[in-house]
Amino acid sequence: MENTNRIPLLGEKFPSMTVKTTHGVKKLPDDYAGKWFVLFSHPGDFTPVCTTEFVAFAKKAEEFKKLNSELIGLSVDQVFAHIKWIEWIEEKLGVKIPFPVIADELGKVATTLGMLHEAKGTNTVRAVFIVDDKGILRLMMYYPQEVGRNIDEILRALKALQTSDQNGVALPENWPNNGLIGDKVIIPPAATEDLAKERLQKAKDGEIECFDWWFCYKKL
């Protein structure tokens, strides 16, 4: 595992690390080359909020796979505790957990990724990292232990990142259900006077839509 004095930042390479999981040893990000992955931490096994999140992630796992992405869980519990908790979820709740869970009992991964927040105790907060198919960190979210995450929002953010990459556009608030422009996407602002004029002309010709030269959008 790489030694670092700070957490990785957006746009940087995800730190190289070898981790022990419920699916065996894995190397991050190398084992996921060509795929996106969503790494999420939970404060502890056999805790109610975490259990609801694991069930929700499991039920959405196929939707993540359709977006060429894999889920990876993590907590500072040992691997045998993960295995027993996963067995309990399947036995009691009827939900099979299809993704690996990292055992980070020494907290090395959690420390490297900034998941341990001193004021919140010795367990990890609810961190989420979305890493792209080139191993680049694209998004980070942090929730406290007492508030569960919205899995649909994580899925939405993943779709938005991929849409942005594929089309060279930006995505509005709550895309594809924005209150102002609906499911349309935002064209990057013009960087020159000529391009600003060109944008307005395209809007006049009906090729795109604009509120002004700096705020143009279109349907994909």
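Residues numbered from 1 in each chain as written. Predicted model: local features only at pLDDT ≥ 70, side-chain atom pairs only at ≥ 80, totals over all residues. Heavy atoms only, no water.

## Comments concerning the state of the cysteines
1) Next: In total, this model carries one disulfide according to the counting rule given.
2) Next: The disulfide that involves C210 links it to C216, with 2.0 Å between the sulfurs. Across the disulfide from C210 to C216, rotation about the S-S bond amounts to roughly 105°, and the bridge is consequently right-handed.
3) Next: Its relative accessible area of 23% is what places C210 among the partly exposed residues.
4) Next: Classification of C216 as buried rests on a relative accessible area of 1%. (Disulfide = S-S within 2.5 Å. Buried < 20%, exposed > 50% of the residue type's maximum accessible area, 1.4 Å probe, protein only.)

## Concerning helix α5 (residues 193-204)
1) Next: Taking 1.5 Å of rise per residue, 12 residues should cover 16 Å, and α5 covers 17 Å from first to last C-alpha, within 8% of that figure.
2) Next: Remark: G206 follows α5 within two positions and exhibits a positive phi of approximately 85°. (Helix = DSSP H or I, 4+ residues; strand = E, 2+ residues; numbered from the N terminus. Expected span 1.5 Å × (residues − 1).)

## Structural notes on the packing of helix α1 (residues 48-66) against helix α2 (residues 79-93)
1) Next: Where α1 meets α2, the axes come as close as 11 Å, and the angle between the chain directions of the two elements is 75°. One finds that α1 runs roughly perpendicular with respect to α2. Of α2, the residues touching α1 (which contributes C50, T51, F54 and V55) are W85, W88, I89 and L93.
2) Next: Here the contact of α1 with α2 is composed, by residue class, of seven nonpolar, one polar and no charged. (Axes fitted to C-alpha atoms, helices over the stretch in contact; angles between N-to-C directions. Parallel < 35°, antiparallel > 145°, perpendicular 65-115°, else oblique. Contact = heavy atoms within 4.5 Å. Nonpolar A, V, L, I, M, F, W, Y, C, P; charged D, E, K, R; others polar.)

## A short note on the sheet that holds strand β2 (residues 24-28)
1) Next: Reading across the sheet, the seven strands line up as β2-β1-β5-β4-β3-β6-β7 and stay open at both edges, with mixed pairing between neighbours. In the strand order of this sheet, the two ends are held by β2 and β7 (137-143), each with one partner. Going from strand to strand, the sheet's axes swing by 30° on average, the running direction of each strand aside.
2) Next: Strand direction decides the pairing type here: strand β4 (residues 69-75) and strand β5 (residues 101-103), joined by three bridges, are parallel. The residue bridging G73 from the neighbouring strand is V101, located in β5. (Pairing = 2+ DSSP bridges.)

## Quick notes on the UniProt feature "active site" (unreviewed entry) in the protein chain
1) Next: Within this numbering scheme, the UniProt entry marks C50 as carrying the feature "active site" (unreviewed entry).
2) Next: Relative to the elements of secondary structure, C50 occurs in helix α1. (UniProt positions renumbered as here; feature names shortened; annotations may be inferred.)

## Here we look at the side chain of Q145
1) Next: As for its placement among the helices and strands, Q145 is situated in the loop between β7 and α4 (151-167).
2) Next: When sequence neighbours within four positions are dropped, the list of residues in contact with Q145 reads P43, V49, K120, N123, T124, V125 and R126.

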